[in-house]
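Tertiary structure, described
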Amino acid sequence: MIFFDRKEQLAQLTEMKARSYENHSMLTVVTGRRRIGKTTLIDRSMDGEAYLYFFVGKKNEAVLCNEFASEIRAKLDLFVPSGITSFGDIYTLLMEAGVNRKFTLVIDEFQNFDEVNPSVFSDFQKIWDKYRLRTHVNMVVSGSVYSLMTKLFKNKKEPLYGRDDKTIKLNPFSPSVLKEIMDEYAPGYTNDDLLALYTYTGAVPKYIELLVDAGALTREKMIKFICTSDSPFIEEGRKLLIQEFGKKYGTYFSILQAISEGYNTQAQIADYLGSKSIGGQLSKLEETYNLIEKKRPMWADKKSQTVRFEISDIFLRFWFRYIEKNQMMIEIGQYPLLEKVITEDYSTYSGDTLERYFRARLIEEMKYRAIGNWWDVKGYVDAKGNHQQCEIDIIAISADDKEAFIFEVKRNAEKYDARLMEEKVSFFSQKEKRIRKYKRSLACLSLMDM
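These lines cover the structure that appears in this document, whether it is placed above or below. Bear in mind the structure is a predicted one, so any value in this text is a computation, not a measurement.

**Let's talk about the overall build of the protein chain**
Within the protein chain one finds 19 helices and eleven strands. Taking 22 Å as the expected radius of gyration for a compact globule of 450 residues, we find that the protein chain reaches 25 Å, a close match to that expectation. Counting every atom, the protein chain has about 21600 Å² of accessible surface; 47% of that belongs to carbon and sulfur. Each charge class in the protein chain can be summarised by its mean position, and for the 67 positive and 65 negative side chains these summaries are 5 Å apart.

This is the structure:
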């Protein structure tokens, strides 16, 4: 698949390289979940220039140093004594070379040093501080374990705290980039195909590339590709999360499974897990691992107990809902049955993903000062005496703070009930006085509007 997007990040990496070469060594940290395209981005930013690339596998330190020494000899034509077993010695040698030479050093999966030899981080800090101002090394470190990379560079107790000159976090592709990809590889695609791509990949570049390479860019072909014995999607969620959680992943998996099935309050999740205390795990999933989001109705106080939890990663939400949940089916090779389950549930399941798609698109448009949703747990009684739930899918406040665009999201626009929408917004304005100051525009967003 050709390279898409990332113009801003490419510009940042190019600028940091120039500053490193012209002034003194600079350290850039590139983070983002597994398969988001960190290594590809870094390589692209070098524009064909040779650079040192160290991959930190979970190996013995001496073995890694031997691999790094070979890379140095090949790329810098620099003498490296044989038998070096300490990364600190390798790094010192490179920084000394940086006094008279300009080059880029990339260390991929940097956080793995925590398992190889945790003292590497202290050694790195001491050597970096000693040589940084008199060398010209463009230092780039990247890592897929969000929690560890954040801890290493943002925790005041860690030796590398504050050493990064630039941090770049890669996110999934935006809706406009998804459209570019479909235009390139599946001209004539339907909006349902576009929604399926978003639903099953979460707009993560590597997952999209797998489908592109397989020629699977219709909804039906995507599902069929996912539901095969050798599909990389089957084990991907587990690999991603074990990489983050380590061996103690059981309770975290159960919490994510519960949220994926619609149990989205703390009480509901606790009941799903057998009334287990989960406050600490929920906090870690949100604040440390960045895998769930705490949602409150728009304008609700931060202390409000009206809270819902969502899995922030769209791919993981799908993976838990269909792959993890159906492990027994997968273990006995019932892939045609899994395909049937996913296919039959698609229209229902993709409705919520469509709402997320439109939120992402509105954010990308850069026209709104706030975007959220609103709900009332109790609901209201309509003119006919019937109890109605009240949930507003999307509220977008204009940049000038004068207008509120209120949207109902429906796969099929014909199912939109304008009268019911007006009723809900009327109830909303009674309960939330802050909406009253805005000129209000009500509309439906559907597949037709993608």
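There's plenty left to go through after this.
**Here we look at the nonpolar core**
Side chains that are nonpolar tend, in soluble globular proteins, to be buried together. Among the nonpolar cores identified, the biggest contains 88 residues, and Tyr200, Phe245, Ile269 and Leu285 are the most heavily contacted of them. For this core, the leading source of residues is helix 18 (residues 335-365), giving nine residues. Excluding residues that lie within four positions of it along the chain, Phe245 makes contacts with Tyr252, Phe253, Leu256, Leu285, Tyr289 and Leu291. Among the nonpolar cores identified, the runner-up in size contains 39 residues, and Val29, Leu64, Ile107 and Val141 belong to it.

**Some details on the sheet that holds strand 8 (residues 368-381)**
Spatially, the four strands line up as an open sheet ordered 8-9-10-11, and their pairing is mixed. Lying at the two open borders of the sheet, with one neighbouring strand each, are strand 8 and strand 11 (439-445). The mean angle between the axes of side-by-side strands here comes to 25°, regardless of whether they run parallel or antiparallel. Relative to strand 10 (residues 403-409), strand 9 (residues 387-398) runs antiparallel, the two being bridged by four bridges.

**Some thoughts on the pattern of salt bridges**
Per the counting criterion, the structure on display carries 35 salt bridges. Note that Glu293 and Lys295 form a salt bridge whose closest N and O atoms lie 3.9 Å from each other. Taking relative accessible area as the criterion, Lys295 reaches 22% and is therefore assigned partly exposed. For the salt bridge of Arg369 with Asp401, the shortest nitrogen-to-oxygen distance reads 3.6 Å. Here Arg369, found in strand 8, pairs with Asp401, found in the loop between strand 9 and strand 10; they are 32 residues apart in sequence, far enough to count as distant.

**Section: the pairing of strand 4 (residues 136-143)**
Each regular strand shows side chains that alternate between the opposite faces of the sheet. Taken across its eight residues, strand 4 has eight buried, putting it largely inside the fold. Side chains of strand 4 alternate between two faces, with His136, Asn138, Val140 and Ser142 and Val137, Met139, Val141 and Gly143 buried alike. Across six bridges, the pairing between strand 3 (residues 102-108) and strand 4 is parallel. For Leu105, the partnering residue across the bridge sits in strand 4 and is Met139.

**Here we look at helix 11 (residues 219-226)**
Within helix 11 the residues assigned to the buried category are Met222, Ile223 and Ile226. Summarising the axial view, the buried residues of helix 11 lie within an arc of 95°, below the 170-degree limit, and thus occupy one face. Contacts from the buried residues of helix 11 go to helix 9 (191-201), helix 10 (205-213), helix 12 (233-245), helix 16 (314-324) and helix 18.

Calculation criteria
- Throughout this description, residue numbers start from 1 for each chain and increase along the sequence as written.
- In view of the model being predicted, local features appear only for residues whose pLDDT reaches at least 70, and side-chain atom pairs are presented and counted only at 80 or more, with totals across whole chains, interfaces and linings using the full set of residues.
- Excluded from the side-chain calculations are hydrogens and water; all other atoms, namely the structure's heavy atoms, are used.
- Numbering of helices and strands runs from the N terminus, with a helix taken as a DSSP run of H or I at least four residues long and a strand as a DSSP run of E at least two residues long.
- Throughout, the radius of gyration refers to the C-alpha atoms, and the reference size of a globule is 2.2 Å times the residue count to the power 0.38.
- In these tables, accessible area is a Shrake-Rupley quantity obtained with a 1.4 Å probe, and a residue counts as shielded only by the protein chains included in the view.
- The charge count treats Lys and Arg as positive and Asp and Glu as negative. His and the chain ends do not count.
- Where a charge sits is defined by one atom per residue type, namely NZ (Lys), CZ (Arg), CG (Asp) or CD (Glu).
- Only buried residues count toward a nonpolar core, which is a set of Ala, Val, Leu, Ile, Met, Phe, Trp, Tyr and Cys residues joined through side-chain atoms within 4.5 Å.
- Burial status follows relative accessibility: with a 1.4 Å probe on protein chains alone, a residue under 20% of its type maximum counts as buried, one over 50% as exposed, and anything between as partly exposed.
- Here, two residues are considered to be in contact whenever any of their heavy atoms come within 4.5 Å of each other.
- Strand pairing is assigned whenever DSSP detects at least two bridges linking the two strands.
- Fitted lines through C-alpha atoms serve as axes, helices being fitted only where they are in contact, and the angles separating the N-to-C directions of these axes extend from 0 to 180 degrees.
- Any carboxyl oxygen of Asp or Glu within 4 Å of a side-chain nitrogen of Lys or Arg constitutes a salt bridge here.
- The directions from the helix axis to the C-beta atoms are what the arc is built from.

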